[in-house]
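# Residue-level structure breakdown
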Amino acid sequence: MRIALFQGAPKPLDVPGNLQRLRHQAQLAAERGAQLLVCPEMFLTGYNIGLPRVERLAEADDGPAAMEVAEIAQAHRIALVYGYPERADDGAIYNSVQLIDAHGRSLCNYRKTHLFGELDRSMFSAGPDHFPVVELEGWKVGLLICYDIEFPENARRLALAGAELILVPTANMAPYDFICQVTVRARAQENQCYLVYANYCGAEDEIQYCGQSSIIGPDGSLLAMGGRDECLLLAELEHEQVVQGREAFPYLNDLRQELHMRKG
């Protein structure tokens, strides 16, 4: 599978503008042969926008914005992953990402489970115990969001459930470049899976984003990595690399899960 990642500066509060930008990047990625495009965390609205604006812009996972994303996916025959503020049926608001396939069908909606400091906690509820693994173009795919990937248990849980590819929309900021440069590569290698880390660049109010988005192989190698500026990254994924990685480093088979499930 050929995969694309968009890194750009946030456009806070401009949902129509961000949908148009998604349409443009989907077209570019599809023209270059990509079957999947991954965008950053809270892509539709911007991330650092505060509770009143999150409350105003939050939508259901099948709301008007999701319907337009589905139309974009169908028009360009490319699967899309995008971040947005989700309003649940009970009124709770989550920091969510959704995977929509090239036919416009929602395959997965994931709610961020590990909230980052007061910035996240002031706007969102923590997601439930729901870590789905779905199939896309013959690949088993899991989703995490930003801070989630910094907890090794989350990626390991997806890998044990069969994930071969983990998609991580993020909004990582200075001074946490270490996560972009080291942590995400370790997560890919220790689980022998591909990992896509789609970050912002530029600034949003007082936040300076790290950029340095990446597509990482099952051995932790960098297949593509951005700098500090806007870019569209692409890479080829090969199933055989996952198989070979899990044969060379059989962590998933050798893990004694009963030791890690003990309480106290």
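Scroll up to find the structure this text is about.
It should be emphasised that the depicted structure is a prediction, and the values quoted were computed from it without experimental measurement.

This next bit is on the overall build of the protein. Along the protein, the regular secondary structure elements total nine helices and 14 strands. Against the compact-globule benchmark of 18 Å for 264 residues, the protein has a radius of gyration of 17 Å, which places it among compact chains. C-alpha atoms of the protein, sized along the principal axes, occupy 50 × 50 × 35 Å. Looking at the 264 residues of the protein, the share that counts as buried comes to 55%. Long-range contacts, defined as pairs at least 24 residues apart, comprise 70% of the intrachain contacts of the protein with a sequence gap of at least 6. Here the protein displays about 11200 Å² of accessible surface, and carbon together with sulfur accounts for 48% of that area. Separation of charge centres in the protein, based on 23 positive and 36 negative side chains, amounts to 2 Å.

Ile3, Leu36, Leu99, Leu165 and Leu167 are the most contacted members of the largest nonpolar core, which totals 47 residues. If you tally residues by element for this core, the top one is strand 9 (residues 194–198), at five residues. Contact partners of Leu165, with chain neighbours within four places excluded, come to Met1, Ile3, Leu36, Trp139, Lys140, Val141, Gly142, Cys193, Tyr194, Leu195, Val196 and Leu237. With 40 residues, the next largest nonpolar core counts Ala29, Val54, Ile78 and Tyr82 among its residues.

Calculation rules
Residues numbered from 1 in each chain as written. Predicted model: local features only at pLDDT ≥ 70, side-chain atom pairs only at ≥ 80, totals over all residues. Heavy atoms only, no water. Helix = DSSP H or I, 4+ residues; strand = E, 2+ residues; numbered from the N terminus. Rg over C-alpha atoms; globule rule 2.2 N^0.38 Å. Buried < 20%, exposed > 50% of the residue type's maximum accessible area, 1.4 Å probe, protein only. Contact = heavy atoms within 4.5 Å. Areas by Shrake-Rupley, 256 points an atom, 1.4 Å probe, with all protein chains shown as cover. Lys, Arg positive; Asp, Glu negative; His and termini not counted. Charge placed at Lys NZ, Arg CZ, Asp CG, Glu CD. Core = buried A, V, L, I, M, F, W, Y, C linked by side-chain atoms within 4.5 Å.

That's the geometry; what it means functionally is another story.
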